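Observations on chain architecture
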Amino acid sequence: AYTTSVPNGTGTSHTEVLDGKGNHIAYDFVLYNGIPYETRRQVYQTTESGVPDLERATCYNASSSPPCTTTAISGTISQVDTYNTLNGSVTNGSTQILNSSGFVTEQDDYDYGSGSRGSALRKVATTYNGLNLPTEITTSDGPGHVYSDVRYQYDVNSLTSTSGLPQHVSVGSARGNLNSIIYNTVPSGGAFFGAQYWYDDAGQVRTSQDAKLNTTT
């Protein structure tokens, strides 16, 4: 069962959820372009009283730190910060950076800390092409040592022509066909390995080749 109210004023909403075992979850939202965005979640085992077992705060565009329950969102969303607090004591969370199309270009994950997020644990950075398809994803640890680097290439291999397909029209050169995935999981410039794919002009994979040059057609 759930109930919805607006105790925090215009432009916000509050929802109370009660599951079949009597556990309570309370959600707070702010409205942005008519869409509700979660700003706080409080989870209680059974009775909704005292300090929640889990409290999750979500803040947007680095406009504030928790509590940001009623903080209005202004401009395009370019950053999302989360803070997860267990039993009112330790907190972890993450920061996401978004591009103008809403795709995540960076995510930073943080360890538990006392009263605030702790030290950085991991960073994932993603580069996109003009079609907003990922071209490189790097993963590093807290101190910044890269331990994974994956690269993607599109529309570089030749196409196999088809004929007789109904409603088949040319789509130009920017098809978004994934032609290669190149991995490097060894820090400090280790050897790369990967896979390749060849398509027909209808977008179907016709041939693939793995890192050991085994070919499948």
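My aim in this report is to walk through the structure given alongside it, one point at a time. These figures come from a predicted structure and were not determined experimentally.

Summed over the entire model, instances satisfying the criterion amount to one disulfide. Paired through a disulfide, Cys59 and Cys68 show a sulfur-sulfur distance of 2.0 Å. The chirality of the disulfide connecting Cys59 with Cys68 is left-handed, given an S-S dihedral of about -85°. Note on Cys59: relative accessible area 1%, which makes it buried. With relative accessibility at 3%, the residue Cys68 sits in the buried group.

Throughout the structure, instances matching the rule amount to one cavity of 30 Å³ or more. There is about 40 Å³ of room inside the largest cavity. Looking at which element gives the most residues to the lining of the largest cavity, the answer is strand 5 (residues 54-60), with three residues. Of the residues contributing to the lining of the largest cavity, the split by class is five nonpolar, five polar and no charged.

Scanning the entire structure with this criterion turns up four aromatic pairs. Plain terms: the ring middles of Tyr27 and Phe29 are 6.2 Å apart, the flat faces sit at 20° to each other, and that makes the pair stacked. The residues Tyr27 and Phe29 share a single accessibility class, namely buried. A centroid spacing of 5.6 Å and a plane angle of 45° characterise the contact between Phe103 and Tyr128, whose relative ring orientation is tilted. One end of the pair, Phe103, is in the loop between strand 7 (90-98) and strand 8 (104-114); the other, Tyr128, is in strand 9 (residues 120-128), with 25 residues separating them in the sequence. Taking relative accessible area as the criterion, Tyr128 reaches 22% and is therefore assigned partly exposed.

Quick notes on the rules
- Residues numbered from 1 in each chain as written.
- Predicted model: local features only at pLDDT ≥ 70, side-chain atom pairs only at ≥ 80, totals over all residues.
- Heavy atoms only, no water.
- Disulfide = S-S within 2.5 Å.
- Buried < 20%, exposed > 50% of the residue type's maximum accessible area, 1.4 Å probe, protein only.
- 1 Å grid on protein atoms, 1.4 Å probe; cavity = no way out; pocket = protein on both sides within 12 Å on 5 of 7 lines; lining within 4 Å.
- Points joined across faces, edges and corners; volume = space filled by probe spheres on them.
- Helix = DSSP H or I, 4+ residues; strand = E, 2+ residues; numbered from the N terminus.
- Nonpolar A, V, L, I, M, F, W, Y, C, P; charged D, E, K, R; others polar.
- Phe/Tyr/Trp six-rings, centres within 6.5 Å; stacked < 30°, edge-to-face > 60°.

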